[in-house]
Amino acid sequence: MVFKTFGWNGFELKVPKDWDMSIDRGGFDKGYIRLDGLKFPRLEVSWEQYKEDKVKPLNDIVEAAKKHLRKKDKNVRFIGKDRSIRIYRHPAKRIRWRIDGDEGYLIIWYCDKSQRLYRLQIFFKQDEYWSFKNVITEILKSFKCHVGGNLYTWTALDFTLKLPKIFRLEHRIYKVGKIALLFESKDSAIFINRIGMANVVLSEKYDDDLRKLLEEEHLPDIRKRFKIPKFKRVRRFSDERHEGFIMTTSYKSGIFMPKEFFVKTRVWTCEPSNKIYAVTMVIRKGSEAEKMRSRLERLLFSICP
């Protein structure tokens, strides 16, 4: 079995390579995702921040979860006793349920480092338990509910990037052949567009004009949120596998004490993956702006093969 690292909203784990995110709701403080295999759902993660003075005992949360499962399906059975395990050094409770031929593990724990309550559910068929057990073990062993270092991993389908922890995912679009993600921090924003089937999209929809695609597919979404003017400087770039444009400009926002922002957009085609990437950075000018800009460029402009 080949595994990959999956990261989202501050946590990471290893999952089989053919599992991809199918549902994504909420945000950093409270959210839910589901990963599906080739045939059916395989994993759910939900999280919510908690206050230390309002922490409920894990046993009470487990009993409430069992009650919820019984309410959803009266045929649910709980296999064996609830087990105490550890997830990334945190005490956790694990229950195993069965409904007809379907089974699952539900694991619940508190992460005091991230101040989150996690619920992790893994789904499998009753007759595949022994062949699936190594997958379960890898997921539980690899789950990092609080990530060290200064970067978070974000994985959407076959698209993975790392960003400084100060950024939060504020908006996303998932369509056939397109992923668009908007991240924001206090003084910066990053908007990423990844479009598949580059050769077909460019020739049939945009007359092989990458600038036209940028104006119609990428910039309108950005200008809904930011007052980005026309780009002042535009230059082409190309290498053995990539070809595109780099555009820069700046603008001011605010009436009494306007803030100045630097804007850089890079759009390019990636021949090995047959995809188009468009990345816009909006960074408030200041003493740390140049450092942030160079750091983000290293992270963002190497996101394709």
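Small disclaimer: the values here were computed from a predicted structure and weren't measured. Every chain is numbered on its own, with residues counted from 1 as its sequence reads. Owing to the predicted nature of the model, reporting of local features is limited to residues with pLDDT of at least 70; listing and counting of side-chain atom pairs is limited to 80 or more, with chain, interface and lining totals taken over all residues. No hydrogens and no water enter the side-chain calculation; it runs on all heavy atoms of the structure.

A.B. asks: Can you explain a nonpolar patch on the surface? Please cite residues and give values.
C.D. replies: A cluster of nonpolar side chains, namely Ile255, Phe256 and Met257, defines an oily patch on the protein surface of about 500 Å² accessible area. We count a stretch as a helix when DSSP gives it H or I for four or more residues in a row; a strand needs E for two or more, and each element gets its number in order from the N terminus. Topologically, Phe256 is positioned in the loop between β17 (242–253) and β18 (259–270). Per-residue accessibility, obtained with a 1.4 Å probe over protein chains only, is compared with the maximum for each type, and a residue is labelled buried under 20%, exposed over 50%, and partly exposed between these values. By relative accessible area, Phe256 is classed as exposed at 80%. Two distance rules govern patches: like charges are joined within 9 Å, and nonpolar side chains (Val, Leu, Ile, Met, Phe, Trp, Tyr) within 5 Å, applied only to residues with over 30% relative accessible area and no salt bridge. Reported accessibility uses the Shrake-Rupley method at a 1.4 Å probe radius. Residues are deemed covered only where the shown protein chains occlude them. The salt bridge criterion pairs a side-chain nitrogen of Lys or Arg with a carboxyl oxygen of Asp or Glu, the two atoms within 4 Å.

A.B. asks: Mind laying out the sheet that holds β18, listing which residues take part and the relevant values?
C.D. replies: Pairing between the strands of a sheet comes from backbone hydrogen bonds, and it takes one of two forms, parallel or antiparallel. Following DSSP output, two strands are said to pair if at least two bridges run between them. If you trace the seven strands from one edge of the open sheet to the other, you get β13-β14-β15-β19-β18-β17-β16, paired in antiparallel fashion. Sheet topology places β13 (168–175) and β16 (233–238) at the edges, where each strand pairs with a single neighbour. Across the sheet, the mean angle separating the axes of adjacent strands is 10 degrees when strand polarity is ignored. Across seven bridges, the pairing between β13 and strand β14 (residues 178–184) is antiparallel. Looking at the pairing, Lys175 lines up with Lys178 of β14. Interaxial angles span 0 to 180 degrees and are taken between N-to-C directions of axes, which are lines fitted to C-alpha atoms, for helices over the stretch in contact.

A.B. asks: Hey, could you go over the domain arrangement of the chain for me, with residue numbers and the actual values?
C.D. replies: For the purposes of this description, domain bounds are those given by an automatic or database domain assignment. Looking at the assigned domains, one finds that the chain contains domain 1 (3–142) and domain 2 (151–300). Distance from the C-alpha centre of domain 1 to the C-alpha centre of domain 2: 34 Å. The contact criterion used throughout is that any non-hydrogen atoms of two residues lie within 4.5 Å. With 14 residues of domain 1 at the interface, the matching set in domain 2 holds 11 residues. Carbon and sulfur atoms supply 53% of the area buried between domain 1 and domain 2, which totals about 1100 Å² over both sides. Once two parts are joined, some of their accessible surface, as seen by a 1.4 Å probe, is lost; buried area is that loss totalled over both. Area buried by domain 1 at its contact with domain 2 is led by Trp8, Asp24 and Phe28, which between them contribute 38% of it. The salt bridge partner of Arg172 is Asp24, with a shortest N-O separation of 2.7 Å. Residues adjacent in sequence count toward polar contacts only when both atoms are side-chain atoms; beyond that, a polar contact is any pair of N or O atoms within 3.5 Å, and within protein one must be able to donate a hydrogen and the other to accept it. Here domain 1 and domain 2 share six residue pairs in polar contact (both at pLDDT 80 or more) between them. Residues are grouped as follows: Ala, Val, Leu, Ile, Met, Phe, Trp, Tyr, Cys and Pro are nonpolar; Asp, Glu, Lys and Arg are charged; every other residue, Gly included, is polar. Across the side of domain 1 that touches domain 2, the residue classes tally to four nonpolar, five polar and five charged.

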